[in-house]
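For reference, the chains in residue letters:
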Amino acid sequence: RGSEICFKTQPGHDKEYVGFATLPNQVHRKSVKKGFDFTLLVAGESGLGKSTLVNSLFLTDLHKDRKLLNAEERINQTVEITKHTVDIEEKGVKLKLTIVDTPGFGDAVNNTECWKPITDYIDQQFEQYFRDESGLNRKNIQDNRVHCCLYFIPPFGHGLRPVDVQFMKALMEKVNVVPLISKADCLTPGEMKKMKDRVREETDKYGLKVYQFPDCDSDEDEEFKQQDRELKESTPFAVIGSNTVVEARGQRVRGRLYPWGIVEVENPSHCDFVKLRNMLIRTHMHDLKDITCDVHYENYRAQCIQQMTSKLTQDNRVESPIPILPLSTPDVETEKLIKMKDEELRRMQEMLQKMQQQMHEQDL
Amino acid sequence: MLTLQPIGQTKPKSMPGSKQGHLPHLPQSACDLSGVWHTVCPCLRKLSAFEVNSDLTTNVSIKPLTSDLQLEVEVEASVQMEEREGEDGVEQPPLCPIDPNTQGIIKGRDLFGYVGIEAVLDQMRRKTMKAGFEFNIMVVGQSGLGKSTLVNTLFKSKVSRKSCTPNYEEKISKTVNLQSICHVIEEKGVKMKLTVIDTPGFGDQINNENCWEPIVKYVNEQYEKYLREEQHVNRKRRIPDTRVHCCVYFLPATGHRLRPIDVEFMKRLGHIVSIVPVIAKADTLTMEERLEFKQRIRQDLEANGIRVYPQKEYDEDAEDRILNDKIRENIPFAVVGTDKEHQVNGNKVLGRKTKWGIIEVENVAHCEFANLRDLLIRSHLQDLKDVTHNIHYETYRVRRLNESNANGLGLSALSLENGTFDKNEAESQL
């Protein structure tokens, strides 16, 4: 919405018109060229429809050859972190989507601290970015930080279970947590409302900070404000996913076929899938990234630096007002490589410039 | 009015209550406890193989033809035997096992005149109707899987803990504490004392190790109680039976496989109690997913050596085996429970109303609740009790007696008072 600018040029004011109102357009064009990247973490017990939902959201099939472990193998399973990256392009805009999956979470008999591998992973990504940022060469930093975590709450219970509360407590300071009620076709409308109310109540009760939608600007039109309000009131979203296409009301839709009816994934009266998709992709993706960069990453960075300064003072080294960051000293090999690549890049840029100049001269 | 089979005629082709058998047509709202009577009958049906002595005197000696009959008759009607003696005033020789190579069955119509053996059925029926049935069912599963609702739906009355405790709060408790609620429900003159044992807190914590232990302890305690009662000198006529006859284990409808906690629980309890696994809240699975899920569960059960009810080893004859095989092909049943009624095509049905349709609980095309109900109540209720008494309880008893013998102590002071406490004698009595 923000990129559409209609600037009014009034006659007689041309002298005062500077023209920087076109900046958003320029940014838009640049970012379209560069492409976006987004990292999404999905967590929850197995069998809650995580993979199906991700496939439905991004219309891909990320888990084609997945093998389900049988019960014996699962007894000794630990929580793993698996990554799938997929490049999606739509109308010229490129999205590099990374899905981080957590098989094994919450499946064992003893699930104490089963979220630790996940928090470790998130911290690792922050640390890597921190080092890259503090490094000498900052041109090609890869941003692998987790921008959003979808947490799947089973619809079978009566609200949040102990493992849900502990998980969200552990992650709420590190990543944007979006709780979802999975397999929503299990609940009647009345039960759904009760469940949502319970989850909201317990989220407040335990002080869990989940991702809050930013309030829309006061100058937006009423319809948008109304939509925004409805969105906020229907959290946590109750979702259904499907990999199959069925025929309903004369159309082919994504859905699930039961003997007693057909559940349509994209029907807003059946579930909140559309709201989730809109929120995640169409309206709030950038906001999620911003909060990750500005809030969560900064928190991590501040913590890190504090730890380092406290260590330094403990070791009784020279107290300098500026903390000396212990940069990861890359070894000699990689330094050489970096220098070589830099040289190459510079040479290529020079060549490009020369060619452009030549073309320019030819045109003239 | 039940039609009793006169003795000597052919046995009905299949047990009543099975899909092909002739089940008396009852209105759907009936819980149909009268069907339980049919399950009691089998032992009496076999009585039709009684031999009648060819040299008829005023004494009519009733000797069972095969030795296993003795077991059944004793179990069901230990009271009846005494009564019969009193009524006829005729001395009856004690029942003793005969070798199977005796004469063939004499059909009723060959007898000179009407003896009246079939009146036994009547007497038995009257006695059991007066005494009523006892049934103890335990429900195990994580919170929120619909255990209380299913129990209410099964027995068509508010028998669950939720409906009976005032100020019921749906909180997750920190430990597994078993609670049992007892009700007497009556239908068509048949009384049933139903005990529902609930296990809140099972599998709800983050660390669920050993959450099955309180349950194992409880089951064994009930066996122990019964054992002690049995060994009293002055035994009560009817020992109060608090043993768990059936344990319904609720599996969440994940669609994948058995979880580690399911395997651990069923492994441990499959030896001491009859487990009936069900897939809870099955309205979240499509038909294909349901079939695949069930297949994987059956594979997992076999791979882990878990035996659920009806167990293959306890099938008594080919007829049972055929019937039970059909059931075994379908376990675990995918159930949906509710206590709300809606209108469908002009009829009032139990169902769940969603935006995309109404899930009818008693419609076999929708879910398998009707199959579960038939299994638990209409056809196999007595069998569940028998298996608990004859097999699980006996295993426990033998184990305990061996332990006490190994310790060199008697089981308790009570056993010594029995005078001639002989293990063999006690076993033969049973």
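Keep in mind that what you see is a predicted model, and the values were worked out from it rather than measured.

Novice: Requested: an account of the overall build of chain B, with residues and values cited.
Specialist: Within chain B one finds 13 helices and 11 strands. Counting only contacts in chain B whose residues sit at least 6 apart along the sequence, the fraction spanning at least 24 positions is 71%. With an accessible surface of roughly 21100 Å², chain B has 50% of that area assigned to carbon and sulfur atoms.

Novice: For the sheet that holds strand 11 (residues 357-360) of chain B, give the residues involved together with the corresponding values.
Specialist: All names here are of chain B. Spatially, the 3 strands line up as an open sheet ordered 9-10-11, and their pairing is antiparallel. Strand pairing shows two members of the sheet lacking a second neighbour, strand 9 (341-344) and strand 11, which therefore form its edges. Within this sheet the neighbouring strands show an average axis-to-axis angle of 65 degrees, counted without direction. The pairing of strand 10 (residues 347-354) with strand 11 spans 4 bridges and is classified as antiparallel. Its bridge partner lying in strand 11, lysine 353 is registered against isoleucine 358.

Novice: Please provide a residue-by-residue account of the interface of chain A and chain B, values included.
Specialist: Counting residues at the interface gives 44 residues for chain A, matched by 45 residues for chain B. The junction of chain A with chain B conceals about 3900 Å² of combined surface from both sides, 59% of it contributed by carbon and sulfur atoms. On the chain A side of the contact with chain B, Val109, Phe156 and Trp260 of chain A bury the most area, a combined 22% of that side's loss. On inspection of chain A and its partner chain B, the count reaches 2 salt bridges. At the boundary of chain A with chain B, the tally comes to 11 residue pairs in polar contact (both at pLDDT 80 or more). Looking at the side of chain A that touches chain B, the element that brings in the most residues is helix 3 (residues 71-75) of chain A, giving 4 residues. Residue classes in the side of chain A that touches chain B are distributed as 21 nonpolar, 13 polar and 10 charged.

Novice: Provide a residue-level description of the nonpolar core, including the pertinent values.
Specialist: In terms of nonpolar packing, the biggest core is built from 153 residues, with Leu150 and Phe167 of chain A together with Phe265, Met266 and Leu376 of chain B touching the most fellow members. Considering every element that reaches this core, the biggest residue donor is helix 6 (residues 213-230) of chain B, with 7 residues.

Novice: Quick one: what's the story with the pattern of salt bridges, residue by residue and with numbers?
Specialist: Following the criterion strictly, the structure yields 39 salt bridges over all chains and no others. The salt bridge involving arginine 256 of chain A is made with glutamate 289 of chain B; its shortest N-O contact spans 2.7 Å. Here the residue arginine 256 of chain A occupies a position in strand 8 (residues 251-258), and glutamate 289 of chain B occupies one in helix 8 (residues 287-303), the pair thus bridging two chains. According to the relative accessible area criterion, arginine 256 of chain A is buried, its value standing at 11%. Look at glutamate 289 of chain B and you get partly exposed, because its relative accessible area is 27%. Through salt bridges with shared partners, one network takes in Glu224, Arg228, Arg399, Arg400 and Glu403 of chain B.

Novice: I'd like a description of the confidence of the model for chain B, backed by residues and values.
Specialist: Residue and element names in this part refer to chain B. In the predicted model, chain B carries a mean pLDDT of 71, and 65% of its residues have values of at least 70. This stretch, residues 40-102, has a pLDDT under 50; its non-local contacts, to residues over four places away or in other chains, come to 84 contacts. Low pLDDT, under 50, characterises residues 410-430; the stretch is placed with 29 contacts to residues that sit more than four places away or in other chains. Complex prediction metrics read pTM 0.70 and ipTM 0.71.

Novice: Describe the UniProt feature "site: Important for dimerization" (unreviewed entry) in chain A, listing the residues and the values that go with them.
Specialist: Here, the residues flagged by UniProt with the feature "site: Important for dimerization" (unreviewed entry) are Phe156 of chain A. Tracing the backbone through its elements, the reader meets phenylalanine 156 of chain A in the loop between strand 4 (148-153) and helix 5 (162-171). Taking relative accessible area as the criterion, phenylalanine 156 of chain A reaches 7% and is therefore assigned buried. Not counting the four nearest positions on each side in its chain, phenylalanine 156 of chain A is found in contact with Cys186 of chain A together with Ser143, Gly144, Leu145, Pro252, Ala253 and Lys281 of chain B.

Novice: Residue-level account of empty space enclosed by the protein, with values.
Specialist: All told, the structure shown has 3 cavities of 30 Å³ or more when counted by the stated rule. For the largest cavity, the calculated volume is near 160 Å³. Space inside the second largest cavity adds up to approximately 130 Å³. Forming the walls of the second largest cavity are 14 residues, and the residues nearest its centre are Glu45, Gly106 and Asn111 of chain A together with Gln142 and Asn208 of chain B.

Novice: I'd love a proper account of the packing of helix 6 of chain B against helix 11 (residues 381-407) of chain B, names of residues and values included.
Specialist: Residue and element names in this part refer to chain B. Across the interface, helix 6 lies against helix 11 with an axial gap of 10 Å and an inter-helix angle of 80 degrees. Taken together, the axis directions place helix 6 and helix 11 in an arrangement best described as roughly perpendicular. Counted together, Asn220, Tyr223, Glu224, Tyr226, Leu227, Arg228 and Glu230 of helix 6 and Thr388, His389, His392, Tyr393, Tyr396, Arg397, Arg399 and Arg400 of helix 11 form the full contact between these two elements.

Novice: Describe the packing of aromatic side chains, with residues and values.
Specialist: Counted by the stated rule, this structure contains 13 aromatic pairs over all chains. Centroid distance tyrosine 151 of chain A to phenylalanine 167 of chain A: 4.5 Å. Interplanar angle 20 degrees. Geometry classified as stacked. You can see tyrosine 151 of chain A sitting in strand 4 and its partner phenylalanine 167 of chain A sitting in helix 5, a full 16 residues away along the chain. Residue tyrosine 151 of chain A is classed as buried on the basis of its relative accessible area of 1%. These aromatic residues form a ring-pair network of at least three members: Phe126, Tyr129, Tyr297 and Tyr300 of chain A. In this structure, arginine 243 of chain B packs its charged tip against the face of tyrosine 226 of chain B, placed 3.7 Å from the ring centre. One Lys or Arg, arginine 243 of chain B, reaches over the ring of tyrosine 393 of chain B and ends 4.8 Å from the middle of that ring.

Novice: If you had to explain unusual backbone geometry to someone new, which residues and values would you point to?
Specialist: Going from threonine 235 of chain A to proline 236 of chain A, the amide bond is cis rather than trans, its omega being -10 degrees. With respect to the element layout, proline 236 of chain A can be found in the loop between helix 7 (222-233) and strand 6 (237-238). In the segment running from isoleucine 331 of chain B into proline 332 of chain B, the intervening peptide bond is cis, with an omega of -10 degrees. Considering the arrangement of structural elements, one finds proline 332 of chain B in the loop between helix 9 (318-330) and strand 8 (333-334). Positive phi is not limited to glycine here, since lysine 183 of chain A has a value of about 50 degrees. Note on placement: lysine 183 of chain A falls in the loop between strand 5 (177-181) and helix 6 (189-205). Although it is not a glycine, lysine 281 of chain B adopts a positive phi angle of roughly 50 degrees. Take lysine 281 of chain B: it is sitting in the loop between strand 7 (275-280) and helix 8.

Novice: Which residues make up the state of the cysteines, and what are the values?
Specialist: All names here are of chain A. Across all of its chains, the model carries 0 disulfides over all chains by this definition. The thiol sulfur of cysteine 149 is not disulfide-bonded, and the nearest other cysteine sulfur, from cysteine 148, lies at 6.9 Å. In this structure cysteine 149 comes out as buried when scored by relative accessible area, which is 0%. Cysteine 293 takes part in no disulfide bond, and the closest cysteine sulfur to it belongs to cysteine 148, at a distance of 13 Å. With relative accessibility at 23%, the residue cysteine 293 sits in the partly exposed group.

Novice: How would you summarise the environment of tryptophan 356 of chain B if you had to cite specific residues and measurements?
Specialist: Position of tryptophan 356 of chain B relative to the elements: it lies in the loop between strand 10 and strand 11. Looking at tryptophan 356 of chain B, the relative accessible area reads 10%, which means it is buried. With 173 residues separating them along the chain, tryptophan 356 of chain B and histidine 183 of chain B place their C-alpha atoms 37 Å apart. Residues in contact with tryptophan 356 of chain B, not counting those within four places in the same chain, are Ala184, Asp185, Trp260, Gly261, Ile262, Val263 and His270 of chain A.

Novice: Can you tell me about the packing of helix 4 (residues 147-155) of chain B against helix 10 (residues 369-379) of chain B, naming the residues and giving the values?
Specialist: Residues and elements named next belong to chain B. Packing of helix 4 against helix 10 leaves a shortest axis separation of 10 Å and a crossing angle of 70 degrees. Considering the angle they form, helix 4 stands roughly perpendicular to helix 10. By crossing handedness, the relation of helix 4 to helix 10 is classed as right-handed. On helix 10, the residues touching Leu150, Thr153, Leu154 and Phe155 of helix 4 are Phe369, Leu372, Arg373, Leu376 and Ile377. A per-class count over the contact of helix 4 with helix 10 returns 7 nonpolar, 1 polar and 1 charged.

Here is what the cut-offs are and how they apply
- Residues numbered from 1 in each chain as written.
- Chains lettered and ligands numbered in written order.
- Predicted model: local features only at pLDDT ≥ 70, side-chain atom pairs only at ≥ 80, totals over all residues.
- Heavy atoms only, no water.
- Helix = DSSP H or I, 4+ residues; strand = E, 2+ residues; numbered from the N terminus.
- Contact = heavy atoms within 4.5 Å.
- Areas by Shrake-Rupley, 256 points an atom, 1.4 Å probe, with all protein chains shown as cover.
- Pairing = 2+ DSSP bridges.
- Axes fitted to C-alpha atoms, helices over the stretch in contact; angles between N-to-C directions.
- Buried area = accessible area lost by both parts, 1.4 Å probe.
- Salt bridge = Lys/Arg side-chain N within 4 Å of Asp/Glu carboxyl O.
- Polar contact = N/O pair within 3.5 Å; in protein donor to acceptor, adjacent residues only side chain to side chain.
- Nonpolar A, V, L, I, M, F, W, Y, C, P; charged D, E, K, R; others polar.
- Core = buried A, V, L, I, M, F, W, Y, C linked by side-chain atoms within 4.5 Å.
- Buried < 20%, exposed > 50% of the residue type's maximum accessible area, 1.4 Å probe, protein only.
- pLDDT = per-residue confidence, 0-100.
- UniProt positions renumbered as here; feature names shortened; annotations may be inferred.
- 1 Å grid on protein atoms, 1.4 Å probe; cavity = no way out; pocket = protein on both sides within 12 Å on 5 of 7 lines; lining within 4 Å.
- Points joined across faces, edges and corners; volume = space filled by probe spheres on them.
- Parallel < 35°, antiparallel > 145°, perpendicular 65-115°, else oblique.
- Phe/Tyr/Trp six-rings, centres within 6.5 Å; stacked < 30°, edge-to-face > 60°.
- Lys NZ or Arg CZ within 6 Å of the ring centre and 35° of its normal.
- Disulfide = S-S within 2.5 Å.
- Left-handed = near helix turned anticlockwise from the far one by under 90°.

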